[in-house]
Amino acid sequence: MTAAMVVHRCRFYEWVPEQITCSAVNHSFSLLAVGRLNSDIDVWDLSKKSPFIRFTIQGRREQALNAMVWSKGDRLFTAGQFGLIHEWNIFDLSLVKTQTAKAPVNAMGYDAITEQLFVAMGGKSASSSISVFDVRPGRFYYRGDLKTKEQINTLSVHPLGLYVMAAGEHKLYKFPIPTRQSSSSSSMVDDDDMMLLEMPAPSLIIDIPKDNISSVLCLSDSTVVIGTAKGKVQMWNMEIGSMDAGFHEHQSRILSLCSPSSSSDLVYAAGEDPKICQFKKTEAGQWIYTHFQRRQAHDVVSLSSIGQRYVVAGATDATTTWINPSLFAELPGPNQLLPYPPFCLISASSDARLLLCRHSRNMTLWSLGTALAGTEAAPFPSVSATPSLLLDLSVSSEETLVSSCISEDGSYIACCCPSSVKLYELSTDSTTGQVQVKKQKIEKPTYPPMRVHLTKTELIVLDAYCITIINLSDLTSSVIRWAGEGEGGPITCSSISLHHHSFETFVAFSDSQHVYVYSLQQRKRKSKVPRQADDPYISVAFQPFRAGKNPVIAVACLSGDFHLFDLESQSYTPFSKSIQRPLPKKYEVCAARERITGISFDPAKPDTLIIWGPSFLCSVHTLYISPETETAKKRKIEVNINVIGRYTGLMFAGFVNKKS
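Conventions and cut-offs
- Residues numbered from 1 in each chain as written.
- Predicted model: local features only at pLDDT ≥ 70, side-chain atom pairs only at ≥ 80, totals over all residues.
- Heavy atoms only, no water.
- Salt bridge = Lys/Arg side-chain N within 4 Å of Asp/Glu carboxyl O.
- Helix = DSSP H or I, 4+ residues; strand = E, 2+ residues; numbered from the N terminus.
- Buried < 20%, exposed > 50% of the residue type's maximum accessible area, 1.4 Å probe, protein only.
- Arc of directions from axis to C-beta.
- Pairing = 2+ DSSP bridges.
- Axes fitted to C-alpha atoms, helices over the stretch in contact; angles between N-to-C directions.
- Core = buried A, V, L, I, M, F, W, Y, C linked by side-chain atoms within 4.5 Å.
- Contact = heavy atoms within 4.5 Å.
- Phe/Tyr/Trp six-rings, centres within 6.5 Å; stacked < 30°, edge-to-face > 60°.
- Lys NZ or Arg CZ within 6 Å of the ring centre and 35° of its normal.

Remarks on the pattern of salt bridges
Where charged atoms from two side chains of opposite charge approach closely, those side chains can pair. Here the structure, examined in full by the defined rule, presents 12 salt bridges. Asp134 is paired through a salt bridge with Arg143; the nearest N and O atoms lie 2.9 Å apart. Here Glu272 and Arg253 are joined by a salt bridge, their closest N and O atoms 3.9 Å apart. On the criterion of sequence distance, the pair formed by Glu272 in the loop between β22 (266-271) and β23 (276-281) and Arg253 in the loop between β20 (242-247) and β21 (254-258) is long-range, its members being 19 residues apart.

So, helix α2 (residues 585-593)
Burial in α2 covers these residues: Tyr587, Cys590 and Ala591. All buried residues of α2 fall inside an arc of 95° around its axis, so they share one side. Seen from the buried face of α2, the exposed residues on the opposite side, beyond 90 degrees, are Lys585 and Ala592.

Notes on the pairing of strand β39 (residues 451-454)
Neither face of β39 is open: one carries Arg451 and His453, the other Val452 and Leu454, and all of them are buried. Here β39 runs beside strand β40 (residues 458-462); their pairing, made up of four bridges, is antiparallel. Within β40, the position partnered with His453 by the bridge is Ile460. Counting the residues that bridge the hairpin from β39 to β40 gives three residues.

A look at the sheet that holds strand β30 (residues 354-358)
Read from one edge to the other, the open sheet built from four strands follows the order β29-β30-β31-β34, with strand pairing classed as antiparallel. What marks the edges here is a single partner per strand, and that holds for β29 (346-349) and β34 (388-394). Ignoring strand direction, the axes of neighbouring strands in this sheet form an average angle of 20°. Across six bridges, the pairing between strand β31 (residues 362-367) and β34 is antiparallel. Looking at the pairing, Ser367 lines up with Ser388 of β34.

Considering the nonpolar core
Membership of the largest hydrophobic core comes to 23 residues, with the highest contact counts inside it found for Phe562, Tyr587, Leu609, Ile611 and Cys618. Those elements giving two or more residues to this core turn out to be β47 (537-542), β48 (552-557), β49 (562-566), α2, β51 (598-602), β52 (605-612), β53 (617-625) and β54 (636-644).

Observations regarding the environment of Gly613
Inspection of the secondary structure puts Gly613 in the loop between β52 and β53. Distance in space between the C-alpha atoms of Gly613 and Gly598 is 6.8 Å, their sequence separation being 15 residues. When sequence neighbours within four positions are dropped, the list of residues in contact with Gly613 reads Arg595, Thr597 and Leu650.

Side note on the pairing of β20
With five bridges connecting them, strand β19 (residues 233-237) and β20 associate as antiparallel partners. Counterpart to Asn237 in the pairing with β20 is Ser242. What sits between the antiparallel neighbours β19 and β20 is a turn of four residues, in which Gly241 has the positive phi angle 70°.

Focus on the packing of aromatic side chains
One pass over the structure, following the stated rule, counts 14 aromatic pairs. Ring plane angle 70° and centroid distance 5.3 Å describe the contact between Tyr268 and Phe328, whose orientation is recorded as edge-to-face. Here Tyr268 is found in strand β22, whereas its partner Phe328 is found in the loop between β27 (320-323) and β28 (335-337), with 60 residues between them in sequence. Relative accessible area serves as the criterion here: at 0%, Tyr268 is assigned to the buried category. Every member of this aromatic cluster is reached through a ring pair, and the members are Phe77, Phe133, Phe140 and Tyr142. The lysine or arginine in question, Lys174, covers the ring of Tyr163, its NZ or CZ lying 4.7 Å from the ring centre.

As structure tokens, this is what we get:
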């Protein structure tokens, strides 16, 4: 290469991660929900070797999450400061039902035996302390209240459904699990959804003087662990109502407790220190303090146990720490994952040199600087103008934006919230030079939209069940449904790519399990990329149009591996088959440390693949060596992989033209 590449650095997108407020793992240990301060819910897929964020349920302002819990069938319930209890459908990311509590919700618990949800409410206006809901399959009904004389700050349900432990300021309450009332006959009254249950009184009340109870945990035996505002951890025997052990290893309030062991011999405590302490029961039945880890910079507000595999700690510094219980005492200690947006928040208009940045409830439009050609006196190119802010558009005051995009020519921008899709036409005022915005009227979607994408003539909206194509000239729409075509139900789209091939336009989208390609002209599915291994998909991109060549799609996976698939031959290309595994060590280190964020092609060199993540940029160049004297069978392919790993917080990588 004879010409030097000059990098123009600019920083105009400030992404601030939201702090974690609560977390919960489902009963099969395959999904972890993490709630954040802005009410967003990140759902982690735990079924693979490396956990990853599978999708995000965008928050609503009235949520303000304080607690969440899973019931059978992967039903997710969340509640918070405004006294609203939401049930979420994690298959299409829709809100199923909302119940109104009588006061702000402090904590929730679930009994898998009777399938009841317990909701602890606080505030001076609370007339009752714990509300009970029936959450059997297809139900979400209020059943009654467990009465106390004070508000309940935290609660825990016994793993075997023996009792509910609830804690106020200085008292610990033990409630039997409510049972359904019997009718005059011997059968149970089961069909009346509005029937109230017989609510028992507490069978045991324990006073904890001179300290406030801040967290409680029921183990599978008769042990109940409590954490206090002064940093004490105490183990109580509920059969006789006495304390077995007490520790003072924390210097401040205990915010969360969990146990990864079914035999109840291991407990973790965390709080405002911020430390994560481990307590263990010996073979003689004595509790001892073993070790601690300090990886977070701020309060540890949630601990979730994923069986014997992990204990996940969430902190107000927005980080998650993944702890292997068997390796807790070893250095370097737990694996801490720094906050980073799992999906790209920036889209580019290559024709107009514009960048659209998506924030929680607004979008900003930036004009890029123009590179000037170098001269003999100054051989390196320079930038004529720094990026300038053209537009700051407030879109939603109640909901978080899910997706946004800008058209190729920069004349339209679009975005979507959980309940709406919004389209704006852009123009420039000839007098002032300012950007004018005209909102277009779009019908309300049937299901929550997951991704939007713009071409020069159409807006593409993807939800869990169909693709909606909206014509920009007359705003008429047509729908391509994929439910019932063998896809296996709803799809949670994580990546989308568009490709113009000759006279046909293809759109490809992926979730962690599938990659589908649809023809926009024929309004039907073109191809489905087959799985090569149990490796979740992260991103997809089309190879630029090449005359006489078949359309090719690139697929990046969670492990850092990548493949090219030919849509006409319905097979993987020689490129994918020729890459030597393992890949270069520097690339594997980057891909193992941080998941791939995006993948694209160099428009000036269609055989060069660009892969990028939070701190690295990688180019994969294929060189075909095929002399005229050799047969096609003897053709060789050389693959060169170059990695630059010195970036910090890389948010977007793309081409604005063939040279930039």
